[in-house]
Amino acid sequence: MTKGLYCLQTEYGDIYDCVNFYSQPAFDHPLLKNHSFYFEMEPTSLSPRKRDQVRSKVRESVHIGLKDGGCPFGTVPIRRITKEDLIRERNVSKIRPLEEFVFGSHYAVVRTKAGAGKYNGAGAVLTLHRPRVNRGQHSAARFKIQNAVEAIEVGWRVDPDLYGGDTRTRSFIRVDAGQSHCFNTRCPGFVLVRSDMPPDFVYEQTTTYGGRIYETELYIKRDLANGNWWLLIGDDFTPVGFWPKRIFSDLANPATYVEWGGKVYTPPGTGPTPEMGSGHDLRIDRRYDAYFRNTQVINEFGQNVDEFNTETFRDAGKYEVVDLKNSEKFGHVVIYGGPAQ
């Protein structure tokens, strides 16, 4: 466990150690021993994206990251975890290559078709929700880029086993690359570049069914100059950190597959699966449904474009997904979710 000279505690009980940028867990990776990375590093270039025509009309403001500026300059926030946290995570078999192969997982997603193209990134604006889950279960909204057996996932998650019993909605990242198969900063590889935005912060505001809508904007973008994969968040594409090209083999190249949607997990034989998204049957109405809007990919030329060569996939009863490929100002929309079942 990495500890810094300074730590801070959030109102939710999380303790973040403020670790010197060069001492963060990412650099324990054997392929990152010699590097030229630095604090507040940014992507070499960002491709222009389409203007969000509905942002101010649709959503309420959402606080992102740690309050009061987070950690001191030159340090990055690493959430302190206990041995019990790691035991809980292993007990539900989450540390393994490609999480979708875990028995007990269910999906409702829109995905690119086989051979549809090569992708240097993807993203969307997605609604924030707080589905009800029990211990041992989780419910998430995320998008994923993948090439062969390597993948990166980004989104939000309600997961008491991953977060010490906490059932709040949190941001999360996951990587499957080489020997690294983990969430957030729990294994080496992801390089944080900011002092105020860890990958596992709490979203304080979440959407209420038929009421206020809260959204967040997330992107994964490959830097065409060096092959690093960046996590960008918020309206202004704030760089949070990146996965260096050198930790990958398959994703050292562009991705060949992207998906957006919901995922739930419950241990086999333990009863009903948890809520997904809003926790209700779909009504095809943004006031009620969980959704991704302005879903886009970054093509092989580095351009943000809509991807229409997609299909839906769901593998369990009441979890539904709808692919609206041209929803006027909302762009390409993915609607998903369902009640516990």
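Source: prediction; values computed, not measured. For every chain, the first residue of its written sequence is number 1, and the numbers climb from 1 along that sequence. Only residues with pLDDT of 70 or above have their local features reported here, since the model is predicted, and side-chain atom pairs are shown and tallied only from 80 upward, although totals for entire chains, interfaces and linings are computed over all residues. Only heavy atoms go into the side-chain values, all of them from the structure, while hydrogens and water stay out.

Participant: Could you give an account of unusual backbone geometry, naming the residues involved and the relevant values?
Facilitator: The backbone of Asn184 shows a phi angle near 55°, a positive value even though the residue is not glycine. Each helix is a run of DSSP H or I of at least 4 residues and each strand a run of E of at least 2, with the numbering of both proceeding from the N terminus. Relative to the helices and strands, Asn184 is located in the loop between strand 9 (180-183) and strand 10 (191-192). One non-glycine residue, Asn294, lies in the positive phi region at around 50°. Note on placement: Asn294 falls in strand 15 (residues 290-298).

Participant: Lay out the packing of aromatic side chains in plain terms, naming residues and giving numbers.
Facilitator: The geometry of two aromatic rings is summed up by the distance between their centres and the angle between their planes. Paired rings are identified among Phe, Tyr and Trp, the last through its six-membered ring, by centres lying within 6.5 Å, and are further divided according to the angle between planes into stacked (under 30 degrees), edge-to-face (over 60) and tilted (the rest). Under the defined criterion, the tally for this structure stands at 14 aromatic pairs. Where Phe21 meets Phe27, the ring centres are 5.7 Å apart and the plane angle is 70°; that geometry is what we call edge-to-face. Both residues of the pair, Phe21 and Phe27, belong to the buried class. What links up through ring pairs into an aromatic cluster is the set Phe21, Tyr22, Phe27, Phe37, Phe39, Phe73, Trp230 and Phe242. Directly above the aromatic system of Tyr163 lies the positively charged group of Arg170, at a separation of 4.8 Å from the ring centroid. Charge-over-ring contacts are defined here by two conditions on Lys NZ or Arg CZ: a distance within 6 Å of the ring centre and an angle within 35 degrees of the ring normal. Positioned above the aromatic ring of Tyr288 is the side chain of Arg283, whose terminal nitrogen or guanidinium carbon lies 3.8 Å from the ring centre. Throughout this description, buried means an accessible area under 20% of the type-specific maximum (1.4 Å probe, protein chains only), exposed means over 50%, and partly exposed covers the range between.

Participant: If you had to explain the pattern of salt bridges to someone new, which residues and values would you point to?
Facilitator: Opposite charge on two side chains permits pairing when their charged atoms draw close. Whenever Lys or Arg places a side-chain nitrogen within 4 Å of a carboxyl oxygen from Asp or Glu, that contact is recorded as a salt bridge. Under the definition given, this model contains 18 salt bridges. Residue Arg80 pairs with Asp17 through a salt bridge whose shortest N-O separation is 2.7 Å. Placement of Arg80 in the loop between strand 3 (75-79) and helix 2 (83-91) and of Asp17 in strand 2 (residues 15-20) is noted, with a sequence separation of 63 residues between them. One salt-bridge network, in which partners are shared between bridges, spans Asp14, Arg79, Asp166, Arg168 and Arg170.

Participant: Lay out the sheet that holds strand 8 (residues 170-177) in plain terms, naming residues and giving numbers.
Facilitator: Taken together, the 7 strands give an open sheet; going across it, the order is 9-8-7-6-14-4-17, and neighbouring strands pair in antiparallel fashion. Among the strands making up the open sheet, the edge pair consists of strand 9 and strand 17 (310-314). Averaged over all adjacent pairs, the angle separating strand axes in this sheet is 15°, with direction ignored. Paired strands, in this sense, are two strands between which DSSP finds at least two bridges. Strand direction decides the pairing type here: strand 6 (residues 138-147) and strand 14 (residues 257-265), joined by 9 bridges, are antiparallel. Within strand 14, the residue paired with Lys144 across the bridge is Glu259. Simply put, an axis is a line fit to the C-alpha atoms, just over the touching stretch for a helix, and the angle between two N-to-C directions goes from 0 to 180 degrees.

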